[in-house]
Amino acid sequence: MYQDTRRLDFHALGREIKRKREAKGWTQEYLAQLVDRTPRSIMYFENRGQHPSLNTFYQIVTLLDISVDQFFYPDRQNSESDCRQHIDRLLNSMDEKELTVMEATAEGLQKARETEVM
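Residues numbered from 1 in each chain as written. Predicted model: local features only at pLDDT ≥ 70, side-chain atom pairs only at ≥ 80, totals over all residues. Heavy atoms only, no water.

A.B. asks: Help me understand the overall build of the protein chain in this model?
C.D. replies: Counting its regular elements, the protein chain contains 8 helices and 0 strands. From first element to last, N terminus to C terminus, the protein chain shows the α and β order α-α-α-α-α-α-α-α. Residues classed as buried in the protein chain amount to 25% of the 118 residues present. Expressed as a percentage of contacts within the protein chain between residues at least 6 apart in sequence, the contacts between residues at least 24 apart total 56%. A total accessible area of about 9200 Å² is found for the protein chain, and carbon and sulfur atoms account for 51% of it. (Helix = DSSP H or I, 4+ residues; strand = E, 2+ residues; numbered from the N terminus. Buried < 20%, exposed > 50% of the residue type's maximum accessible area, 1.4 Å probe, protein only. Contact = heavy atoms within 4.5 Å. Areas by Shrake-Rupley, 256 points an atom, 1.4 Å probe, with all protein chains shown as cover.)

A.B. asks: Got a minute to help me understand the packing of helix α1 (residues 10–23) against helix α3 (residues 39–48) in this structure?
C.D. replies: Two numbers describe a pair of packed helices, the interaxial angle and the distance between the axes. Remark: α1 packs on α3, axes separated minimally by 6 Å, with the N-to-C direction vectors making an angle of 120 degrees. Here α1 lies oblique to α3, going by the angle between them. Residues Phe-10, His-11, Gly-14, Arg-15, Ile-17, Lys-18 and Arg-21 of α1 pack against Phe-45, Glu-46, Asn-47 and Arg-48 of α3. Residue composition of the contact of α1 with α3, grouped by class: 3 nonpolar, 3 polar and 5 charged. (Axes fitted to C-alpha atoms, helices over the stretch in contact; angles between N-to-C directions. Parallel < 35°, antiparallel > 145°, perpendicular 65-115°, else oblique. Nonpolar A, V, L, I, M, F, W, Y, C, P; charged D, E, K, R; others polar.)

A.B. asks: Where do I start with unusual backbone geometry in this structure?
C.D. replies: With the exception of glycine, the majority of residues adopt a negative phi angle, and the majority of peptide bonds are in the trans configuration. Of note, the phi angle at Asp-36 is positive, near 55 degrees, even though the residue is not glycine. At Asp-65, a residue that is not glycine, the phi angle is positive and equals roughly 55 degrees. If you trace the backbone, Asp-65 turns up in the loop between α4 (54–63) and α5 (69–72).

A.B. asks: Would you explain the side chain of Thr-56 in this entry?
C.D. replies: Residue placement: Thr-56 occurs in helix α4. Among the polar contacts listed, one links the side chain of Thr-56 to the side chain of Arg-37, at a separation of 3.1 Å. In this view, Thr-56 contacts Val-35, Arg-37 and Phe-45; residues no more than four positions away in its chain are not counted. (Polar contact = N/O pair within 3.5 Å; in protein donor to acceptor, adjacent residues only side chain to side chain.)

Here's what the structure looks like:
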């Protein structure tokens, strides 16, 4: 029988749910309506680390566009620098217009670097 003693610490994921919800300007009440739960349930997920059902979890992370890899595979995240992880989180919170600006900025930096080498 497979026995793994690791458990998902839902506190960090709950904080991310709260951060993303607030970034969208949604209340706990509104999110609760979307996923057919009570506002108190959302508060427990965000602040107490309570585990939602798998279906509720899926609904919340897809509605809020949360990548769960960092929570499910924290060891893989350690291979990337803190700076890259921070930039990834920032990029994940941007809309398409902001991402277009970031893409142009990165391409400009790359071209500048190429001209310095020549």
